[in-house]
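Observations on the three-dimensional arrangement
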Amino acid sequence: MTTTTIEKDTLDAVHTDESQIAVHWKEEEYYAPSPDFVKQANLTDPSVNERFAEKNFPQCFEEYADMLTWYERWNTVLDTQDPPFWKWFVGGKINASYNCVDRNLALYRNKAAIVFVPEPEDEEPQVLTYQELYVRVNEFAALLRSFCGLKAGDRVTIHMPMVAELPITMLACARLGVIHSVVFGGFSGEACGLRAADSGSNVLIYMDGYYRGGKMIDHKAGAEIAVATAAKEGQKIDKVLVWKRYPGKYTSATPMVPDRDFFVDEILKDFRRAIVDPVPMDSEAPLFLMYTSGTTGKPKGCQHRTGGYLAYVTGTSKYIQDIHPTDTYWCMADIGWITGHSYIVYGPLALGATSVIYEGLPTYPDAGRVWRIAERLGVNIFHTSPTAIRGLRKAGPDEPMKYNYHFKHMTTVGEPIEPEVWRWYYNIVGKTEAVIVDTWWQTENGGFLCSTKPAMDKMKPGSAGPGVPGIYPVIYDENNQEVKAGSGKAGNICIRNPWPGIFQTIWGDRDRFVRQYYAKYCRDTKSKRWQDWPYFAADGAVQAGDGYFRILGRVDDVINVAGHRLGTKELESACLTVTEVAEAAVVPVVDEIKGRVPEIYISLKPGYAANKEISDKVIATLETMIGKIARPKRVHIVPDMPKTRSGKIMRRVLAAISNTLDTGDITTLANPDVVEQIRITVQGKEKLAFREGPEDLKQFGTQE
Ligand code: WTA
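Keep in mind the model is a prediction, meaning the values are calculated, not measured. (Residues numbered from 1 in each chain as written. Predicted model: local features only at pLDDT ≥ 70, side-chain atom pairs only at ≥ 80, totals over all residues. Heavy atoms only, no water.)

A short note on the sheet that holds strand 11 (residues 239-243)
The following threshold applies: Strand pairing is assigned whenever DSSP identifies at least 2 bridges connecting the two strands. A run of H or I in DSSP counts as a helix once it spans at least four residues, and a run of E counts as a strand once it spans at least two, with each numbered from the N terminus. Working rule for contacts: check all heavy atoms of both residues, and any pair within 4.5 Å makes them a contact. For helices, the fitted line uses only the C-alpha atoms of the stretch in contact; every axis is such a line through C-alpha atoms, and the angle between N-to-C directions lies from 0 to 180 degrees.
With mixed pairing, the 8 strands of this open sheet are ordered in space as 12-11-8-6-7-14-15-23. Only two strands of the sheet have a single partner each, and these edge strands are strand 12 (261-263) and strand 23 (505-506). Relative to strand 11, strand 8 (residues 203-207) runs parallel, the two sharing 5 bridges. Residue pairing in the sheet places Met207 in a bridge with Trp243 of strand 11. The strands that helix 11 (residues 307-319) touches are strand 14 (286-292) and strand 15 (300-305); relative to strand 15, the one it contacts most, it runs at about 80°.

Right, dumping it as structure tokens:
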């Protein structure tokens, strides 16, 4: 499944082609959507398969673009002149803020657009109607334009928690054509500063604080670090705008810096009743950047276009999420991730739905919180991740039954879901009434790639399903050969065709874009035919005889922690900033709730002895440089790293030890003896029986 590159002068690593490893798992039984769901569903017409068949590509995607309101219609659906930099709906002019806000006023002016649920349960939910959203987006857009001097094409970095002001900020940017770059609120100030510098933002938008687990977090504290980090990278931040969690009351202990930091609620007073005409943007104008981890240390800014992206998320929200304007839709993801952008903000609002945003944690103050919110707001579409489902199941397996809510539709996204967990989701959370879609996709993709069509395809626990309309996935092995459905073999899942939601490029790094996603399976780099440029997703997958794809996990150096991508190299470079650390290696380990979490191996510089302080320092550094999400399960201080004769750290050996898997052949290492020493440090003296590890862990590090 992964490239087993073997250097000619070294003899390590396994000599099997990983793509040939047969994968055995039990075929699960099918579940059919309920007749009640089918009766009301948006997508039931079987002609969809024909409409989106390859012979109708790329015109098929006009069906999605036609769901939007354009200033000018496009003249070319797909332009392939500069592969693989595809252009969609070329010549079209559109504004995303207009489509998510203004155009809903006619029918839904005083219908809820956003419901914000504060963490403290004695604070009532706050409802923003489309009219109210319109007013607030306009006023804030006026502030951005006049007070900050921002205009189309400028970048702004937004580091905010889950509050209604976050989509207001994004939509205000989009109104002006300003490219927003939202950094997940849980990331550190330093992570924010690096991203702000990479994107060339000179305005940062913050919030003073927010509730999490019963505590008010001082979020503004991060702004100081972000500004300093950006400065170190050569990027000056001129203004930091600070929203207040409670307007009129500053909750942070961090001082405001005069002439740099400004309270939004105070400045907004000058922009009351302001109306800002949405700027008609080229279809191909970037709408936002979303940073994600990849195979090198530096996070990459995925650049998403306006027209194609909005069309794709709107179409998939309608057909796969089954969103109607009358639905109350709750996606529990954070808006700071792509799921939140596409399926809390842009897709649902473009369809005029009510989108719920909640503050805090799913299981605080108790395991009933999520179900209380669902009951209170009458949520009927629910969207979350396997990590959240596992956590909720563990904290309160019978809790959902105590509440009177009814979901018609539920989504799982972000990681593979175990069939056992899927069944709990279906039987207990969904009360056997709700259809489930397991949607597979990535930050780079804008929207869903594989999923069942909720009213048309049967569900199969643990399988994402076939490609969604207009997406033609394929599995290739390492020799560019197609791995056939039903062969029982795993390989690299690729998408044969472009689609409107695919990102435009990596911000400022066209070469890396081509190298990372297209070089591997490109048939002819001179070709201008899209057919020669399959998109490489870096996920392993198997396709069953029925055409359903089962996603196994990443084949590159990315660890999927609770559905969030962390680059191992990113974590390793953070560890290396600790004075005592000479070498660092990060591997994924199985975690009952989060799926995978990082585990760290470090060796020390001469003259230092292993002690707990050093491990604590490593943990603290990861939290400061990246965020709490990077907190490792354990830190192991080892005498030396297992290395090849050419000096490369064999992370696959460490991953095997951490997960009690077979370490395989280690005789060709430069220092085979250290492996047993490390094993004892990690597992104890007594030899443990190897486990039949999950596929992604067996593959981890085999690319080295
Ligand atoms: C994984 C999240 C199994 C996959 C939208 C992918 C999944 C990475 C699924 C992207 C799923 C996402 N089943 N695995 N339904 N959905 N993944 O960029 O490894 O944060 O490459 O986008 O998550 O994570 P990202």
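A short note on the environment of Gly189
Within the element layout of this structure, Gly189 appears in helix 8 (residues 189-199). Expressed as a C-alpha distance, the spacing of Gly189 and Pro125, which sit 64 residues apart in the sequence, is 29 Å. For Gly189, the contacting residues outside a window of four places in its chain are His159, Tyr206, Gly222, Ile225 and Ala226.

Overview of the confidence of the model for the chain
Stated precisely, the cut-off is as follows: The predictor reports its confidence for every residue as pLDDT, a score running from 0 up to 100.
For the chain, the mean per-residue pLDDT works out to 93, and 96% of the residues sit at or above 70. In this model, residues 1-24 is a region of pLDDT below 50 whose contacts with residues beyond four sequence positions or in other chains number 63 contacts.

Regarding the pairing of strand 27 (residues 564-567)
Summarising the sheet, strand 26 (residues 558-561) and strand 27 pair through 4 bridges and their orientation is antiparallel. Paired with Ile559 across the bridge in strand 27 is Leu566. Where strand 26 folds back onto strand 27 in an antiparallel hairpin, the turn is made up of 2 residues, including Ala562, whose phi is positive at roughly 50°.

Considering the packing of helix 11 against helix 12 (residues 338-350)
Put simply, the test is: What sets the label is the angle itself: under 35 degrees gives roughly parallel, over 145 gives roughly antiparallel, 65 to 115 gives roughly perpendicular, and the rest give oblique. Residue type decides the class: Asp, Glu, Lys and Arg count as charged, Ala, Val, Leu, Ile, Met, Phe, Trp, Tyr, Cys and Pro as nonpolar, and the leftover types, Gly among them, as polar.
Contact pair helix 11 / helix 12: the axes reach a minimum separation of 8 Å and the direction vectors enclose 85°. For the element pair helix 11 / helix 12, the angle class is roughly perpendicular. In this structure, helix 11 uses Tyr309, Leu310, Val313, Thr314, Thr316 and Ser317 to contact helix 12, whose residues at the interface are His341, Ser342, Tyr343, Tyr346, Gly347, Pro348 and Ala350. Grouping the amino acids of the contact of helix 11 with helix 12 by side-chain chemistry returns 7 nonpolar, 6 polar and no charged.

Some remarks on the pattern of salt bridges
Selection criterion: Put simply, a salt bridge is a Lys or Arg side-chain nitrogen that is within 4 Å of an Asp or Glu carboxyl oxygen. Only protein chains enter the area calculation, which uses a 1.4 Å probe; residues under 20% of their type maximum are buried, those over 50% are exposed, and those in between are partly exposed.
Taken as a whole and judged by the stated rule, the model has 56 salt bridges. Where Asp261 meets Arg260, a salt bridge forms, and the shortest distance between an N and an O atom there is 2.6 Å. In this pair, the class of Asp261 matches that of Arg260, namely buried. Counted as one network, the salt bridges with shared partners bring together Lys220, Glu224, Arg260 and Asp261.

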